Amino acid sequence: MQILDTKLCDVKRLQPSMHGDQRGWFAEAFNARAFEEAGLPSAFAQDNQSFSPRGVLRGLHYQLERPQGKLIRVLSGHIWDVAVDIRRESREFGRWEAFDLQPLNAAGKLESLWIPEGYAHGFLVLSDTAEVLYKTTREYFPRGERSILWNDPDLRIEWPLADMVPVISAKDAQAARFREAELP
């Protein structure tokens, strides 16, 4: 498995080896020992899967008290995935990076994204539909759930909306601005 650094500290792109023949291909998307050897979490508490049509924007979500690290993989479709560093002590506090995620990347490689605890996360569906699977290091903790406004003017995230008007939940429409958000 190749583990690639990103512009954000501790956020990683993961590319497992693919083995193919006339039947298709096979890849080990997660291996606890390989993750542990790479300094990544090897135990996950929950798997979440979402299905969304084009234009759905989920996020920017995070949890207080029981933060979650997330291992994200697109099963079908195409998303614009965003991680925002919300760790006050970080030199990258308030910085974001976006990732163009599909089941296979432009080079034909399987790719996952590791976003550790201390980051807000969200994504926009760019294809007709998308299915996203993400493993979390902790179970969902409803009392700790928080959101930052997806179009916060201080963060200035460059969402590739083109002609789309994003479809967001009522909860995300009421999300806090970054400068007023209750952060860990």
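Preceding this section is the structure that the text describes.
Let us look at the structure shown here.

1. Things to note about the overall build of the chain
Argument step 1. The secondary structure content of the chain amounts to two helices and 13 strands.
Argument step 2. Relative to a compact globule of 184 residues, whose C-alpha radius of gyration would be 16 Å, the chain shows 16 Å and is just as compact.
Argument step 3. With the C-alpha coordinates of the chain rotated into their principal frame, the extents come out at 55 × 40 × 30 Å.
Argument step 4. In the chain, which comprises 184 residues, the proportion classed as buried is 47%.
Argument step 5. As displayed, the chain has an accessible area near 9,700 Å², and 47% of this comes from carbon and sulfur atoms.
Argument step 6. Averaging the positions of the 23 positive and the 27 negative side-chain charges in the chain gives two centres separated by 2 Å.

2. As for the packing of aromatic side chains
Argument step 1. Across all of its chains, the model carries five aromatic pairs by this definition.
Argument step 2. For the ring pair Phe30 and Phe35, a centre distance of 4.7 Å and an interplane angle of 65° mean the geometry is edge-to-face.
Argument step 3. Residue classification places Phe30 among the partly exposed positions, given a relative accessible area of 28%.
Argument step 4. Assessed through its relative accessible area of 1%, Phe35 is described here as buried.
Argument step 5. Judged by centre distance (6.4 Å) and plane angle (70°), the rings of Trp150 and Trp159 are edge-to-face.
Argument step 6. Taking the relative accessible area as the measure of exposure, Trp150 reaches 13% and is therefore buried.
Argument step 7. An aromatic cluster of at least three residues, connected via ring pairs, comprises Phe30, Phe35, Phe44 and Trp114.

3. Quick notes on the sheet that holds strand 8 (residues 79-85)
Argument step 1. The strand order across the open sheet built from five strands is 9-8-11-6-13, with neighbouring strands paired in antiparallel fashion. One side of each edge strand has no neighbouring strand; the edge strands of this open sheet are strand 9 (96-101) and strand 13 (145-147). Each strand of the sheet is rotated relative to its neighbour by a mean of 25°, with strand direction disregarded.
Argument step 2. As defined by bridge partners, strand 8 adjoins strand 9 across six bridges and the pair is classed as antiparallel. Its bridge partner lying in strand 9, Trp80 is registered against Asp100.

4. A few points about unusual backbone geometry
Among all residues save glycine, negative phi is the norm, and among peptide bonds the norm is trans.
Argument step 1. With an omega of 15°, the peptide bond running from Gly59 to Leu60 counts as cis.
Argument step 2. The residue Leu60 is located in strand 6 (residues 57-63) in this model.
Argument step 3. Residues other than glycine seldom take positive phi values, yet Glu65 does so here, at roughly 70°.
Argument step 4. Among the structural elements, Glu65 can be located in the loop between strand 6 and strand 7 (70-76).
Argument step 5. Of note, the phi angle at Ala162 is positive, near 50°, even though the residue is not glycine.
Argument step 6. Relative to the helices and strands, Ala162 resides in the loop between strand 13 and helix 2 (170-173).
Argument step 7. Residue Ala162 is classed as exposed on the basis of its relative accessible area, which comes to 81%.

5. A word on the nonpolar core
Argument step 1. Of all hydrophobic cores here, the largest spans 20 residues; its most connected members are Leu60, Tyr62, Val84, Ile86, Ile148 and Trp159.
Argument step 2. The set of elements that each furnish at least two residues to this core consists of strand 6, strand 8 and strand 11 (119-125).
Argument step 3. Among the elements that line this core, the one with the most residues is strand 6, at three residues.
Argument step 4. What Tyr62 contacts, discounting residues up to four positions off in sequence, is Ile86, Tyr119, Ala120, Gly144, Glu145, Arg146, Ser147, Ile148, Ala181, Glu182, Leu183 and Pro184.
Argument step 5. If you look at the next biggest cluster of nonpolar residues, it comprises 17 residues, including Ile72, Leu101, Ile115 and Phe123.

Rules behind the numbers
Residues numbered from 1 in each chain as written. Predicted model: local features only at pLDDT ≥ 70, side-chain atom pairs only at ≥ 80, totals over all residues. Heavy atoms only, no water. Helix = DSSP H or I, 4+ residues; strand = E, 2+ residues; numbered from the N terminus. Rg over C-alpha atoms; globule rule 2.2 N^0.38 Å. Buried < 20%, exposed > 50% of the residue type's maximum accessible area, 1.4 Å probe, protein only. Areas by Shrake-Rupley, 256 points an atom, 1.4 Å probe, with all protein chains shown as cover. Lys, Arg positive; Asp, Glu negative; His and termini not counted. Charge placed at Lys NZ, Arg CZ, Asp CG, Glu CD. Phe/Tyr/Trp six-rings, centres within 6.5 Å; stacked < 30°, edge-to-face > 60°. Pairing = 2+ DSSP bridges. Axes fitted to C-alpha atoms, helices over the stretch in contact; angles between N-to-C directions. Core = buried A, V, L, I, M, F, W, Y, C linked by side-chain atoms within 4.5 Å. Contact = heavy atoms within 4.5 Å.

Nothing here speaks to function; it is all geometry.
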